[in-house]
Amino acid sequence: MAATGTAGDFYTQLLALSEQAMLAGRYEVAYHALAGAMHATEGPDQVARLEAVAQLAERQGAHIDEHAPASRLSSQSAHRRGNESIFLMLARQARMKAQLAPKRGLSRTNRA
C-alpha cells in the first residue's frame, strides 16, 4: 500500500471525522478519531493543534454527559467504575504532549 497524505491532512480529516461521529451519536468512533488526530500533530503549529484536540475532547465529553449520560463513555459511567472520562484523559494527554513538544523537539517531527 502506498503512503499518501501528510500528518496535517490526517489531522484535519480525523478532526472532521470525530465531529461527524459525535453528531451521529457514534461516541467511540469520535473518541478514537480525535485520539488519532492528536497523534497526527506535527510541525510548527503542533502545540496549537494539540490544544485544539484538548478543547474538542472536553467539549465532546461534556456533550455526552449532557445528552447521553447513560453512555458508557460518559463521566457518570466512568465514575461508577472508579475511572475518569476518557475524553478528559485525552484532553490531559494532548496538553501534556504539547508541554513536552518543545523539550523533545516534537514540533519538528512526531515521535510520540
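Residues numbered from 1 in each chain as written. Predicted model: local features only at pLDDT ≥ 70, side-chain atom pairs only at ≥ 80, totals over all residues. Heavy atoms only, no water.

## Considerations on the overall build of the chain
The test is simple: Labels follow the DSSP assignment, with helices taken as runs of H or I lasting at least four residues and strands as runs of E lasting at least two, numbered in each case from the N terminus. Accessibility here uses a 1.4 Å probe with only protein chains present; expressed as a share of the type maximum, an area under 20% marks a residue as buried, one over 50% as exposed, and anything in between as partly exposed. For this analysis, residues touch if any pair of their heavy atoms sits within 4.5 Å. The Shrake-Rupley method, run with a 1.4 Å probe, gives the accessible areas here. Residue values count only the displayed protein chains as cover.
Along its length, the chain carries 5 helices and 0 strands. Reading the helices (α) and strands (β) of the chain from amino to carboxyl end gives α-α-α-α-α. Here the chain holds 112 residues, and 39% of them are scored as buried. Counted over contacts in the chain with a minimum sequence separation of 6, partners at least 24 positions apart contribute 60%. For the chain, the accessible surface area stands at approximately 6,500 Å², while carbon and sulfur atoms represent 56% of it.

## A look at the pattern of salt bridges
Stated precisely, the cut-off is as follows: A carboxyl oxygen of Asp or Glu within 4 Å of a side-chain nitrogen of Lys or Arg is what we treat as a salt bridge.
Going through the model one piece at a time under the given rule, you end up with 5 salt bridges. Residues Glu58 and Arg95 are paired through a salt bridge, measuring 2.6 Å at the closest nitrogen-oxygen approach. Of the two residues, Glu58 is situated in helix α3 (residues 46–67) and Arg95 in helix α5 (residues 86–104); the sequence distance between them amounts to 37 residues. For Glu58, a relative accessible area of 32% gives the class partly exposed. A salt bridge links Glu84 to Arg92; the nearest nitrogen and oxygen atoms lie 2.6 Å apart. You can call Glu84 partly exposed: its relative accessible area is 36%. A residue is classified by how much of its surface remains accessible, and Arg92, at 45% relative accessible area, is partly exposed.

## Observations regarding helix α2 (residues 27–39)
Condition: Expected helix span is computed as 1.5 Å times (number of residues minus one).
A rise of 1.5 Å per residue sets the reference length of α2, with its 13 residues, at 18 Å; its end C-alpha atoms lie 19 Å apart and thus fit the reference within 8%. Tyr27, Ala30, Tyr31, Ala33, Leu34, Ala35, Ala37 and Met38 are the residues of α2 that are buried.

## Quick notes on α3
Taking 1.5 Å of rise per residue, 22 residues should cover 32 Å, and α3 covers 31 Å from first to last C-alpha, within 8% of that figure. Along α3, the residues classified as buried are Gln46, Arg49, Leu50, Val53, Ala54, Leu56, Ala57, Gln60, Gly61 and Ile64.

## A short note on the environment of Met96
In this structure, Met96 sits in helix α5. Classification of Met96 by relative accessible area gives partly exposed; the value is 43%. Separated by 42 residues in sequence, Met96 and Ala54 place their C-alpha atoms 9.9 Å apart.

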